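Report on the structure
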Amino acid sequence: MEEFVLIFRRDSITKEIQPSPEEMQSSIKLWQDWLGGIAAQDKLARPLQRWDGEGRVVKQNNNVTNGPFVEIKEAIGGLIMIKVANYDEAVEVAKGCPILLWGGNVEIRMAVVFEGH
């Protein structure tokens, strides 16, 4: 089994396509069901990491700022790590992600494991 990172992104700026508070509330169950299904298959390696307003960004010359703050149209809403056989299986898992219902997307990256660590 390989580990893959699924990164959830969506447009956080265009006013017309932002979900309403009711839609956001109803999406919680969709996320719980989707993540629960992944966990039930023993494919969830790490839980959802949602940005809670805290964080730091390290930039060139060791300049550290509070953040991250949205500086681009598409913002990262969270991420998980899954354990699957290959990219194809990771894609199949990602196809069920609720972020897709709101015009978002899921970026898939293979996690790198260094020998001896």
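Preceding this section is the structure that the text describes.
The structure contained in this document is the topic of the report that follows. (Residues numbered from 1 in each chain as written. Predicted model: local features only at pLDDT ≥ 70, side-chain atom pairs only at ≥ 80, totals over all residues. Heavy atoms only, no water.)

1. Concerning the overall build of the chain
Tallying secondary structure elements over the chain gives two helices and six strands in all. Classification of the 117 residues of the chain by burial places 28% in the buried group. For the chain, contacts bridging at least 24 residues in sequence account for 74% of all contacts bridging at least 6. Looking at the chain as shown, the accessible area adds up to about 8,300 Å², and 54% of this sits on carbon and sulfur atoms. (Helix = DSSP H or I, 4+ residues; strand = E, 2+ residues; numbered from the N terminus. Buried < 20%, exposed > 50% of the residue type's maximum accessible area, 1.4 Å probe, protein only. Contact = heavy atoms within 4.5 Å. Areas by Shrake-Rupley, 256 points an atom, 1.4 Å probe, with all protein chains shown as cover.)

2. Remarks on the pairing of strand S4 (residues 63-66)
In terms of strand pairing, strand S3 (residues 56-59) meets S4 through four bridges, oriented antiparallel. Residue pairing for S4: Arg56 is matched across the bridge by Asn66. A loop of three residues connects S3 with S4, the two strands running antiparallel in sequence, and Asn61 in this loop sits at a positive phi of about 65°. (Pairing = 2+ DSSP bridges.)

3. Digging into the environment of Ala111
For Ala111, the location among the structural elements is in the segment after strand S6 (105-110). Along the chain, Ala111 and Glu2 lie 109 residues apart, while their C-alpha atoms are 7.6 Å from each other. Beyond its immediate sequence surroundings of up to four residues, Ala111 is in contact with Glu3, Phe4 and Met81.

4. What to know about the nonpolar core
The biggest cluster of nonpolar side chains holds 17 residues, and the ones touching the most others in it are Leu6, Phe8, Trp34, Ile80, Ile82 and Val106. Broken down by secondary-structure element, the contributors of at least two residues to this core are strand S1 (2-11), helix H1 (21-40), strand S5 (74-84), helix H2 (87-94) and S6. Apart from the residues lying within four places of it in its own chain, the contact partners of Trp34 are Leu6, Phe8, Ile80, Val93, Ala94, Gly96, Cys97 and Pro98. (Core = buried A, V, L, I, M, F, W, Y, C linked by side-chain atoms within 4.5 Å.)

5. Focus: the packing of aromatic side chains
For the structure on display, the rule yields four aromatic pairs. Ring plane angle 70° and centroid distance 4.8 Å describe the contact between Phe4 and Tyr87, whose orientation is recorded as edge-to-face. In this pair, Phe4 sits in strand S1 while Tyr87 sits in helix H2, placing the two residues 83 residues apart along the sequence. Residue Phe4 is classed as buried on the basis of its relative accessible area of 0%. Accessibility expressed as a relative area gives 40% for Tyr87, which makes it partly exposed. Between the aromatic rings of Trp31 and Trp34, the centroid separation amounts to 5.8 Å while the plane-to-plane angle is 80°, which identifies the pairing as edge-to-face. Of the two residues, Trp31 and Trp34 both sit in helix H1, three residues apart, roughly one turn of that helix. Since its relative accessible area comes to 16%, Trp31 is described here as buried. (Phe/Tyr/Trp six-rings, centres within 6.5 Å; stacked < 30°, edge-to-face > 60°.)

6. Details of H1
Taking 1.5 Å of rise per residue, 20 residues should cover 28 Å, and H1 covers 29 Å from first to last C-alpha, within 8% of that figure. Taken together, the buried positions of H1 are Ser27, Trp31, Trp34, Leu35 and Ile38. Positive phi shows up at Asp42, right after H1, with a value of about 60°. (Expected span 1.5 Å × (residues − 1).)

7. Section: the environment of Val113
Examined against the element boundaries, Val113 turns out to sit in the segment after S6. Take Val113: its relative accessible area is 62%, and that puts it in the exposed class. Note: C-alpha distance between Val113 and Glu3 (110 residues apart in sequence) is 8.7 Å.

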